[in-house]
Amino acid sequence: MDVAVPEAQLEQTEHGLVPKGEGWFVVNARDLVWYDRGPRGKVMAFDGEPEFEQFGVNIFVLDPGSPMSMYHWEADQEDFLVISGEALLIAEDEERPLKAWDFVHCPPQMDHVIVGAGSGPCVVVAIGAREHQGGEGWGGYPVNEKAQRHDASSPEETNDARVAYARFPARRTTRYQDGWLP
């Protein structure tokens, strides 16, 4: 096939760059829009408008005790790479410590959550497939006692993110701050 793929535009906003349209692009994670999620740390997404069709790629910065998400399972695969710092994986009711360069593979329907640990922030790259993200069968939030001890469990079993995350503040759009990434 001899068709050139166009380059996507990067639109400057008050909080950083946002990729616009289909196509390829190169961008530094520090230059993109970030979100402060309060007690759940910071996050950014590499996709813009539209979202990547096949998978999402995010960077999370978690302080000790900050849960990346609520304990959950998804109908699609998710993978995580710890870039720096320490974290705790709770997976299928087991706890596993994580350190820099540890990789976590979560096949579809695996219960899991990652919580920041150690004495400083940890940086985690998350990659998740999006084939089944729309609709009722996307996944769910089971209640888990170990995750509850880390404020990382929904108060009740649900498939509704609004219920699982109701006690947390809404994320706030922000710019990258020096020191978040190594």
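Residues numbered from 1 in each chain as written. Predicted model: local features only at pLDDT ≥ 70, side-chain atom pairs only at ≥ 80, totals over all residues. Heavy atoms only, no water.

Remarks on the pairing of strand β12 (residues 122-129)
Reasoning step 1: In terms of residue burial, β12 counts as a mostly covered element, since six of its eight residues are buried.
Reasoning step 2: Here strand β5 (residues 55-62) runs beside β12; their pairing, made up of eight bridges, is antiparallel. Looking at β12, one finds that Phe60 is bridged to Val124.
Reasoning step 3: Relative to β12, strand β7 (residues 78-84) is paired through six bridges, and the arrangement is antiparallel. (Buried < 20%, exposed > 50% of the residue type's maximum accessible area, 1.4 Å probe, protein only. Helix = DSSP H or I, 4+ residues; strand = E, 2+ residues; numbered from the N terminus. Pairing = 2+ DSSP bridges.)

With respect to the sheet that holds strand β14 (residues 172-174)
Reasoning step 1: Pairing within the open sheet is antiparallel, and its seven strands lie in the order β10-β7-β12-β5-β4-β3-β14. The open sheet is flanked by β10 (103-106) and β14, the only strands paired with a single partner. Geometrically, the sheet is characterised by an average inter-axis angle of 25° between neighbouring strands, direction not taken into account. (Axes fitted to C-alpha atoms, helices over the stretch in contact; angles between N-to-C directions.)

Brief notes about the environment of Arg96
Reasoning step 1: In this fold, Arg96 is placed in strand β9 (residues 94-99).
Reasoning step 2: Measuring from C-alpha to C-alpha, the distance between Arg96 and Glu131 comes to 28 Å, with 35 residues separating the pair along the chain.
Reasoning step 3: Leave out the neighbours within four places in its chain, and Arg96 touches Ala87, Leu88 and Leu89. (Contact = heavy atoms within 4.5 Å.)

Considerations on the packing of aromatic side chains
Reasoning step 1: A complete count under the given rule lists eight aromatic pairs for this structure.
Reasoning step 2: Taking 5.6 Å as the distance between ring centres and 50° as the angle between the ring planes, the aromatic pair formed by Trp34 and Tyr176 counts as tilted. In this pair, Trp34 is assigned in strand β3 (residues 34-36) and Tyr176 in the segment after β14, connecting sequence segments 142 residues apart.
Reasoning step 3: Among the aromatic residues, ring-to-ring pairing joins Trp138, Tyr141, Tyr165 and Phe168 into one connected group.
Reasoning step 4: Sitting over the ring of Phe168, Arg40 keeps its end group 5.6 Å from the ring centre.
Reasoning step 5: Between Arg171 and the ring centre of Tyr35, over which it is positioned, the NZ or CZ distance is 3.7 Å. (Phe/Tyr/Trp six-rings, centres within 6.5 Å; stacked < 30°, edge-to-face > 60°. Lys NZ or Arg CZ within 6 Å of the ring centre and 35° of its normal.)

Description of the sheet that holds strand β8 (residues 86-91)
Reasoning step 1: If you walk across this open sheet you meet the three strands as β9-β8-β11, and the pairing is antiparallel. Single-partner strands in this sheet number two, and they are β9 and β11 (112-117). Between one strand axis and the next, the sheet turns by 25° as a mean value, whatever way the strands run.
Reasoning step 2: The pairing of β8 with β11 spans six bridges and is antiparallel. Residue pairing across strands places Ala87 opposite Gly116, the latter belonging to β11.

Topic: unusual backbone geometry
Reasoning step 1: Cis rather than trans, the peptide bond between Glu49 and Pro50 has omega equal to 5°.
Reasoning step 2: As for its placement among the helices and strands, Pro50 is situated in the loop between β4 (42-45) and β5.
Reasoning step 3: Positive phi is not limited to glycine here, since Trp101 has a value of about 75°.
Reasoning step 4: Exposure remark for Trp101: the relative accessible area of 60% places this residue in the exposed category.

Regarding the nonpolar core
Reasoning step 1: With 20 residues, the main nonpolar core has Met68, Phe80, Leu98 and Ile114 as its most contacted residues.
Reasoning step 2: Listing elements by their share of this core, those giving two or more residues are β5, β7, β8, β10 and β12.
Reasoning step 3: With sequence-adjacent residues up to four places away left out, Met68 is seen in contact with Arg37, Arg40, Phe60, Leu62, Phe80, Ile114 and Val124.
Reasoning step 4: Among the nonpolar cores identified, the runner-up in size contains 15 residues, and Trp34, Phe46, Trp180 and Leu181 belong to it. (Core = buried A, V, L, I, M, F, W, Y, C linked by side-chain atoms within 4.5 Å.)

Without other data, these values stay purely geometric and don't point to any function.
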